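Chain residues, written in single-letter form:
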Amino acid sequence: YELIEIPPSYFLQRTAFSASGRSRHRGHDDGDLPDVHKKLPSSAGEDRAMLLGFAMMGFSVLMFFLLGTTILKPFMLSTQREESNCTTIHTHIMDDWMDCAFPCGMSCQGRGKYPCLQVFVNVTHSGQKALLHYNEEAVRINSKCFYTPTCHRDRNDLLNSVLDIKEFFDHRNGTPFSCFYSPDSQSEDVILIKKYGQMVIFHCLFWPSLTLLGGALIVGMVRLTQYLSLLCEKYSTALGDEVGGKVPYMEQHRFKLWSVGRSKERSRKI
């Protein structure tokens, strides 16, 4: 029989491996997970993505607030109008000019006057005579005039701008053009263009909603990725603990069989 010598380092390595396996088993059985499992793992890229998502959602809320107060609220409070055709009857510049104010410095406010242009049209839908205005804001500022020009000192410039508009409508005398009237109101005011149309309202609602949805999607995808990464790490740790617990037991069983074989060999020699 040939004697086999086992170096002492073998027993040291086996003992250390068994101790580490038992410690891993003990930690797994007690439910004490490392700190990395107590929170979702994150990287620098994921942190930036989360910041971008929250910034997009905050910006969309700000857009809803600003557009809601400046466009959506005036649209909801304004009179609903329908499209029709109008024909110019006559135009007229009032003799009495309207008072207006303009800034002339830090603590100075000048006073001026502007000519009031009146455009009378015939509404095709109702066949009635009506006073034409530029848009809803012109009706709110001055219901007697077609529009309110920017007030300044130069009276000739204000008069020339009003004369150009008067000449434009005079050339369209008898030619129908598009206008908007209020069917639910008995008012004789019609407007030339709508300041807040359907496309403007659509864009005011669509883009903030899209930004909010995009930000929520980014945050949700990052959180889902972190959760899946945590599950994979837990599974890998549990699998490693199971393999680490089996290896020392197999080594001990092999050592016992080897010891029994050595004792039998020695008894035979004796």
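Residues numbered from 1 in each chain as written. Predicted model: local features only at pLDDT ≥ 70, side-chain atom pairs only at ≥ 80, totals over all residues. Heavy atoms only, no water.

> Break down the state of the cysteines for me, citing the residues and quoting the values.
What is meant by a disulfide is a covalent connection between two cysteines, made through their sulfur atoms. Considering all chains together, one arrives at three disulfides under this definition. Here Cys100 is linked by a disulfide to Cys151, with a sulfur-sulfur distance of 2.0 Å. Its S-S torsion of approximately 60° makes the covalent link between Cys100 and Cys151 right-handed. A residue pair is termed long-range when its members are at least 10 positions apart, and Cys100 in strand β2 (residues 98-103) and Cys151 in the loop between α3 (136-141) and α4 (155-171) qualify at 51 residues. For the pair Cys100 and Cys151, a shared accessibility class is recorded, and that class is buried. Across a sulfur-sulfur distance of 1.8 Å, Cys116 and Cys145 are joined as a disulfide pair. Between Cys116 and Cys145 the sulfur-sulfur dihedral comes to about -120°; the bridge is accordingly left-handed. Of this pair, Cys116 sits in the loop between β3 (109-114) and β4 (117-123) while Cys145 sits in the loop between α3 and α4, placing them 29 residues apart in sequence. (Disulfide = S-S within 2.5 Å. Helix = DSSP H or I, 4+ residues; strand = E, 2+ residues; numbered from the N terminus. Buried < 20%, exposed > 50% of the residue type's maximum accessible area, 1.4 Å probe, protein only.)

> I'd like a description of the pairing of strand β1 (residues 82-93), backed by residues and values.
Across five bridges, the pairing between β1 and strand β6 (residues 177-181) is antiparallel. By the bridge assignment for β6, Asn85 is matched with Ser178. Pairing of β1 with β4, which is carried by seven bridges, proceeds in the antiparallel orientation. If you follow Thr88 over to β4, its bridge partner there is Val121. (Pairing = 2+ DSSP bridges.)

> Please give an account of the nonpolar core that cites residues and values.
The biggest cluster of nonpolar side chains holds 16 residues, and the ones touching the most others in it are Cys86, Val119, Val121, Leu132, Phe146 and Val190. Contributing elements (two or more residues each) for this core: β1, β4, β5 (129-133), α4 and β6. A per-element tally of this core places β4 first, with four residues. The residues contacting Cys86, other than those within four sequence positions of it, are Val121, Asn122, Val123, Thr124, Thr175, Pro176, Phe177, Cys179 and Val190. Within the second largest apolar cluster, nine residues are counted, among which are Met98, Phe102, Tyr114 and Cys145. (Core = buried A, V, L, I, M, F, W, Y, C linked by side-chain atoms within 4.5 Å. Contact = heavy atoms within 4.5 Å.)

> Describe the environment of Ala130, and please don't skip the residues or the numbers.
With respect to the element layout, Ala130 can be found in strand β5. Taking the C-alpha atoms as reference points, Ala130 and Ile89, separated by 41 residues in sequence, lie 9.5 Å from one another.

> Account for a nonpolar patch on the surface, with residues named and values stated.
The grouping of Leu217, Met221, Leu224, Tyr227, Leu228 and Leu231 at the surface amounts to a nonpolar patch, some 580 Å² of accessible area in total. Mapped onto the elements of the fold, Leu231 is located in helix α5 (residues 198-269). (Patch = residues over 30% accessible without salt bridge, like charges linked within 9 Å, V, L, I, M, F, W, Y side chains within 5 Å. Areas by Shrake-Rupley, 256 points an atom, 1.4 Å probe, with all protein chains shown as cover. Salt bridge = Lys/Arg side-chain N within 4 Å of Asp/Glu carboxyl O.)

> Go over the pairing of β3 with me, naming the residues and quoting the values.
Burial along β3 is one-sided: the face carrying Gly110, Gly112 and Tyr114 is buried and the face carrying Gln109, Arg111 and Lys113 is not. In terms of strand pairing, β2 meets β3 through six bridges, oriented antiparallel. Looking at the pairing, Ala101 lines up with Arg111 of β3.

> Outline the UniProt feature "transmembrane region" (unreviewed entry) in the protein chain, listing residues and values.
Per the UniProt record, "transmembrane region" (unreviewed entry) is found at residues 49-72 and 200-222. Segment residues 49-72 splits into 100% helix and 0% strand. End C-alpha atoms: 32 Å apart. End C-alpha atoms of residues 200-222 are separated by 34 Å, and the span's content is 100% helix alongside 0% strand. (UniProt positions renumbered as here; feature names shortened; annotations may be inferred.)

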